[in-house]
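So the chains spell out like this:
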Amino acid sequence: MNDTALSADPARAFILTGSFLVVGRFPQYLRELSERGLTILLITGETWREQAQAALKDPEHPASVIAEVAFVDGAVGHEGSFVAGAVAAASGWRQRYDIVGAFAVGETMVEPTGLLADALGLAGPGLRASRACRDKALQRWYLPQFSPASLVLPAGQRHTVALDQVTFPAVVKPVGRHSSSGVAMVEDQQALRRQLETYPDYETVLVEAKVVGQEFSVESLLQDGEVVFSSATRKDTNDSHTCSFVELAHTIPNDRTEVTATLLAANAEALRGLDFRDGIAHAEWRIDAEGRPFLMEVAARPAGDGISALYHLTHGRPLEPEVVRIALREPAGYPAARRIGRQVYLEHDAGVFDGVTVDWPGVEPVWAEEGEVWPEVLPGAADEPAALRSVMVLKPIGTELGPLRSSEDRVLSFLIDAPTAAELDAVEQRVRAAITLHVSPATGGEA
């Protein structure tokens, strides 16, 4: 028997989960864990195998610090489909590593990560929050005080539920998707029935009264069930002129300051209702004409798009290290904002994407297509003038562009920040005038 092998302490390891796409967007988590000397283990979807394996072999890619990757089968919309694969992977790892933390970077692995954290005694959102944050119908169940009038259409029973109680205009949402996928507004019963036919039979669908009002999100850091940091973000979406709900802009911190206290109070109550324990929460809200807050949805993972980058720009410090500290049960906190920032997604015409021109001194567009690492944007001084920090192109030249129905349909984004809201608005207009999307008519082809 090898006494040396028996006495050797296993390496301390940390499990990250999520699609390889979001892992590439948030390389700060990988750097933070690597600098702590932790062995990084990743659970991601099987669809990312080729891209992830190539990145791990590239010493210039942030993902090259990952020690092991488990590729699991599953699909968004199939409830619990990633759980078995994640549990199987972690079962093997806990025999060989001292697993000290686990964290879901992206939406698809939130529930299995909550189960792993619970079984391993790690800091995490908790079982109720991990489950409910993956299901919009469960959020309505646990938080009726913040819910619009809604109707749940269970998978396989969609045609047996009476729809005469639906209030129009209504919003139709598959309960387990993300990135606004499948979310649509309908004006009447006929349109509702047509929209329901677009979803596979295995998906549960939520139909609810549309809340007319400004949209916001609230990002919160929690430890032991207590909020240690919380901040509101104002959002712009395309539902004002389409039937979709694609996000077109994020402003941090919220520049509609008269509703901030209402948002933060409602958000804290909602997180208590979900028994959210440890981690980062991203909740989306609307405030109606009477000033009432309605929860659109809440997620137990970091905000998407460039919201994390905006926090770095506006607060002068990245948010990701605080999330890691919470996952490792270390004290965490975050400073107040010192600037105001905005991410803008430009709408586009239908046709073939031919490129982009940016007429701005010192700024060139950066291509950051699906699964690629987003460029890091560093903050400037608190009092420096308004600035354009980056322009990111999200689609390759030659892509055929259609209507904006989900986040994946967007083609270009830019980040700006300024000392004041008025200066931010002014620089946004200048940047919009300086960017030209080149789109030629689609020629069509064989069916």
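Parameters at a glance
- Residues numbered from 1 in each chain as written.
- Predicted model: local features only at pLDDT ≥ 70, side-chain atom pairs only at ≥ 80, totals over all residues.
- Heavy atoms only, no water.
- 1 Å grid on protein atoms, 1.4 Å probe; cavity = no way out; pocket = protein on both sides within 12 Å on 5 of 7 lines; lining within 4 Å.
- Points joined across faces, edges and corners; volume = space filled by probe spheres on them.
- Helix = DSSP H or I, 4+ residues; strand = E, 2+ residues; numbered from the N terminus.
- Nonpolar A, V, L, I, M, F, W, Y, C, P; charged D, E, K, R; others polar.
- Core = buried A, V, L, I, M, F, W, Y, C linked by side-chain atoms within 4.5 Å.
- Buried < 20%, exposed > 50% of the residue type's maximum accessible area, 1.4 Å probe, protein only.
- Contact = heavy atoms within 4.5 Å.
- Pairing = 2+ DSSP bridges.
- Axes fitted to C-alpha atoms, helices over the stretch in contact; angles between N-to-C directions.
- Parallel < 35°, antiparallel > 145°, perpendicular 65-115°, else oblique.
- Left-handed = near helix turned anticlockwise from the far one by under 90°.
- Polar contact = N/O pair within 3.5 Å; in protein donor to acceptor, adjacent residues only side chain to side chain.
- Right-handed = clockwise from strand over helix to strand, strands pointing away.
- pLDDT = per-residue confidence, 0-100.
- Salt bridge = Lys/Arg side-chain N within 4 Å of Asp/Glu carboxyl O.

As annotated in an unreviewed UniProt entry, the chain carries the name Acetyl-CoA carboxylase biotin carboxylase subunit family protein and is attributed to Streptacidiphilus alkalitolerans.

Draft legend 1. Examining empty space enclosed by the protein more closely. As enumerated under the stated definition, the model contains four cavities of 30 Å³ or more in all. For the largest cavity, the calculated volume is near 260 Å³. Lining the largest cavity are 18 residues; nearest its centre among them are Arg-25, Ala-309, Glu-320, Pro-375 and Glu-376. When contributions to the lining of the largest cavity are tallied by element, the ones reaching two or more residues are helix H3 (27–35) and helix H11 (307–315). Grouping the amino acids of the lining of the largest cavity by side-chain chemistry returns nine nonpolar, four polar and five charged.

Draft legend 2. Inspection of the nonpolar core at higher detail. Counting 41 residues, the largest nonpolar core has Phe-14, Leu-16, Tyr-29, Phe-103 and Leu-221 as the members making the most contacts within it. The contact partners of Tyr-29, leaving out residues within four places of it in the chain, are Leu-16, Phe-103, Val-105, Pro-302, Glu-320, Val-323 and Val-324.

Draft legend 3. The sheet that holds strand E5 (residues 150–153), seen in detail. Strand order in this open sheet of four strands is E5-E8-E6-E7, and the pairing throughout is antiparallel. Both outer strands of the open sheet, E5 and strand E7 (184–186), are each paired with one neighbouring strand and no more. Strand-to-strand twist of the sheet, defined as the mean angle between neighbouring strand axes without regard to direction, takes the value 25°. Along the sheet, helix H9 (residues 189–196) contacts E5, strand E6 (170–174), E7 and strand E8 (205–209); its crossing angle with E7, the most-contacted strand, is approximately 150°.

Draft legend 4. Up close: the layout of surface pockets. There is about 210 Å³ of room inside the second largest pocket. Surrounding the second largest pocket, 13 residues form its lining, Cys-243, Ser-244, Pro-403, Leu-404 and Arg-405 being those nearest its centre. Tallied by class, residues from the lining of the second largest pocket come to five nonpolar, six polar and two charged.

Draft legend 5. Local environment of the packing of H3 against helix H12 (residues 320–327). Interaxial distance between H3 and H12 falls to 9 Å at its minimum, and their mutual angle equals 55°. Judged by the angle between their axes, H3 and H12 are oblique. Relative to H12, the crossing made by H3 is right-handed. Facing Gln-28, Tyr-29, Glu-32 and Leu-33 of H3, the residues of H12 in contact are Glu-320, Pro-321, Val-323 and Val-324.

Draft legend 6. Molecular detail of the pairing of E8. Counting buried residues along E8, five of its five residues qualify, which places the element largely inside the surrounding structure. Judged from the four bridges that link them, E5 and E8 form a sheet pairing that is antiparallel. When the sheet's bridge partners are listed, Val-152 is paired in E8 with Leu-206. Pairing between E6 and E8: five bridges, direction antiparallel. Note on E8: the bridge partner recorded for Val-171 is Glu-208.

Draft legend 7. Layout of the packing of helix H5 (residues 83–96) against helix H6 (residues 110–120). For the pair H5 and H6, interaxial distance at closest approach is 9 Å and the crossing angle is 35°. By crossing handedness, the relation of H5 to H6 is classed as right-handed. Of the residues in H6, those in contact with Val-83, Ala-86, Val-87, Ala-90 and Arg-94 of H5 are Pro-112, Leu-115, Leu-116 and Leu-120. Along the lines of polarity and charge, the residues of the contact of H5 with H6 split into eight nonpolar, no polar and one charged.

Draft legend 8. Structural detail: the side chain of Glu-107. In this fold, Glu-107 is placed in the loop between strand E4 (98–104) and H6. Accessibility expressed as a relative area gives 9% for Glu-107, which makes it buried. Looking at Glu-107, its side chain comes within polar contact range of the side chain of Arg-134, at 2.9 Å. A polar contact of 2.6 Å, which involves the side chain of Glu-107, links it to the side chain of Arg-301.

Draft legend 9. Here's a closer look at the pairing of strand E2 (residues 39–45). The buried fraction of E2 amounts to seven of the seven residues, a majority that puts the element mostly inside the structure. As defined by bridge partners, strand E1 (residues 12–17) adjoins E2 across five bridges and the pair is classed as parallel. Looking at the pairing, Phe-14 lines up with Ile-40 of E2. Of the strand pairs in this sheet, E2 and strand E3 (residues 66–72) are connected by six bridges, and their pairing is parallel. Bridging from a neighbouring strand, Leu-42 pairs with Val-69 of E3. In the classification by handedness, the crossover that spans E2, the intervening helix H4 (residues 49–57) and the parallel E3 is right-handed.

Draft legend 10. Geometry of the confidence of the model for the chain. Looking at the chain as a whole, the pLDDT averages 91, with 95% of positions reaching at least 70. This stretch, residues 1–7, has a pLDDT under 50; its non-local contacts, to residues over four places away or in other chains, come to one contact.

Draft legend 11. Quick peek at unusual backbone geometry. Residue Phe-168 is joined to Pro-169 through a cis peptide bond whose omega torsion reads -5°. Here Pro-169 lies in the loop between E5 and E6. Following Ile-252, the chain continues to Pro-253 via a peptide bond in cis, the omega torsion being -10°. Positive phi, normally seen in glycine, also occurs at Asp-224, with a value near 50°. Take Asp-224: it is sitting in the loop between strand E9 (214–223) and strand E10 (226–237).

Draft legend 12. Just the pattern of salt bridges, in detail. Throughout the structure, instances matching the rule amount to 31 salt bridges. With its nearest N and O atoms 3.1 Å apart, the salt bridge here joins Asp-239 to Arg-286. Placement of Asp-239 in the loop between E10 and strand E11 (247–252) and of Arg-286 in strand E12 (residues 279–287) is noted, with a sequence separation of 47 residues between them. Summarising the burial analysis for this pair, Asp-239 and Arg-286 share the class buried.

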